[in-house]
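Report on the structure
Residue-level listing of the chains:
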Amino acid sequence: MIFIVYNIDRTEEFDSSVALLVDIFKLKNKALVESCRKTFIALFGSDCTTDMMTAAVFQLAATDSDTCHWALHTFYELDACLQLIEGAIKFAIQKLIELGFVLGKDFSANANGEILLNRAAKISLLKNISDADWNFLKEILQVVE
């Protein structure tokens, strides 16, 4: 029984920390976010803090695209943001293939973490993803003809 209560407490602690991070991100104060991140690392460890920041940015993608972009640009080098961008690239490539586009012909990825695609591929991708997905992808998609 204690084990179950412990897990519930940890889940609530995680959710509360993510909610706090979301609120702090919305202030768009880099020093404050960095201070919170360092405090969380001291309290919860690096891996858990990365998971919390990832969850916060995902929540922002669905609720506040402007703050989401600010977080991704401001903290681009952090593991949480790098993982999100890497995941977005993989998602876009998989989705484009599912939609019938050909890697190397209709789209490609470059070393800068961008997806180069033709206009038809971009339009089709936009029609088949959620707004939250678009918030991650719009910075990495580059139309080329």
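What comes next is a walk through the structure. (Residues numbered from 1 in each chain as written. Predicted model: local features only at pLDDT ≥ 70, side-chain atom pairs only at ≥ 80, totals over all residues. Heavy atoms only, no water.)

1. Brief notes about helix 2 (residues 30-44)
For helix 2, with 15 residues, the first-to-last C-alpha span of 20 Å sits near the 21 Å given by 1.5 Å per residue. Inspection of helix 2 places Val33, Glu34, Cys36, Arg37 and Phe40 among the buried residues, and these make up the whole buried set. Burial along helix 2 is one-sided: seen end-on, the buried residues are contained in an arc of 160 degrees. Across from the buried face of helix 2, at angles greater than 90 degrees, the exposed residues are Ala31, Lys38, Ala42 and Leu43. Put simply, asparagine 29 is the residue that caps the front of helix 2, since its side-chain oxygen is 3.1 Å from the backbone nitrogen of alanine 31. Backbone geometry just after helix 2 places glycine 45 at a positive phi near 95 degrees. (Helix = DSSP H or I, 4+ residues; strand = E, 2+ residues; numbered from the N terminus. Expected span 1.5 Å × (residues − 1). Buried < 20%, exposed > 50% of the residue type's maximum accessible area, 1.4 Å probe, protein only. Arc of directions from axis to C-beta. Polar contact = N/O pair within 3.5 Å; in protein donor to acceptor, adjacent residues only side chain to side chain.)

2. Here's the deal with the packing of aromatic side chains
For the structure on display, the rule yields 3 aromatic pairs. Centroid distance phenylalanine 25 to phenylalanine 75: 6.0 Å. Interplanar angle 70 degrees. Geometry classified as edge-to-face. Within this pair, whereas phenylalanine 25 is found in helix 1 (residues 2-26), its partner phenylalanine 75 is found in the loop between helix 4 (65-74) and helix 5 (79-98), the two being separated by 50 residues in sequence. A single burial state applies to phenylalanine 25 and to phenylalanine 75, both of which are buried. On the basis of an interplanar angle of 70 degrees and a centroid distance of 5.5 Å, the ring pair of phenylalanine 40 and phenylalanine 44 is categorised as edge-to-face. Here phenylalanine 40 pairs with phenylalanine 44, and both are found in helix 2, just 4 residues apart, close to one helical turn. Taking relative accessible area as the criterion, phenylalanine 40 reaches 7% and is therefore assigned buried. Ring pairing ties together the aromatic residues Phe25, Trp70 and Phe75, which thus form one cluster. (Phe/Tyr/Trp six-rings, centres within 6.5 Å; stacked < 30°, edge-to-face > 60°.)

3. Digging into the packing of helix 3 (residues 46-63) against helix 4
At a minimum axis distance of 6 Å, the contact between helix 3 and helix 4 shows a crossing angle of 145 degrees. Facing helix 3, whose interface residues are Val57, Leu60, Ala61 and Thr63, helix 4 presents Ser65, Thr67, Cys68, Ala71 and Leu72. Residues that form the contact of helix 3 with helix 4 fall into these classes: 6 nonpolar, 3 polar and no charged. (Axes fitted to C-alpha atoms, helices over the stretch in contact; angles between N-to-C directions. Contact = heavy atoms within 4.5 Å. Nonpolar A, V, L, I, M, F, W, Y, C, P; charged D, E, K, R; others polar.)

4. A word on the packing of helix 3 against helix 5
Pairs of packed helices are described in terms of their axes, by the angle between the two and the distance that separates them. It is the contact of helix 3 with helix 5, at a shortest axis distance of 8 Å, that shows an interaxial angle of 55 degrees. The angle between helix 3 and helix 5 places the two elements in the oblique class. For the element pair helix 3 and helix 5, the recorded crossing hand is right-handed. Facing Thr50, Met53, Thr54, Val57 and Phe58 of helix 3, the residues of helix 5 in contact are Asp79, Ala80, Gln83 and Leu84. Grouping the amino acids of the contact of helix 3 with helix 5 by side-chain chemistry returns 5 nonpolar, 3 polar and 1 charged. (Parallel < 35°, antiparallel > 145°, perpendicular 65-115°, else oblique. Left-handed = near helix turned anticlockwise from the far one by under 90°.)

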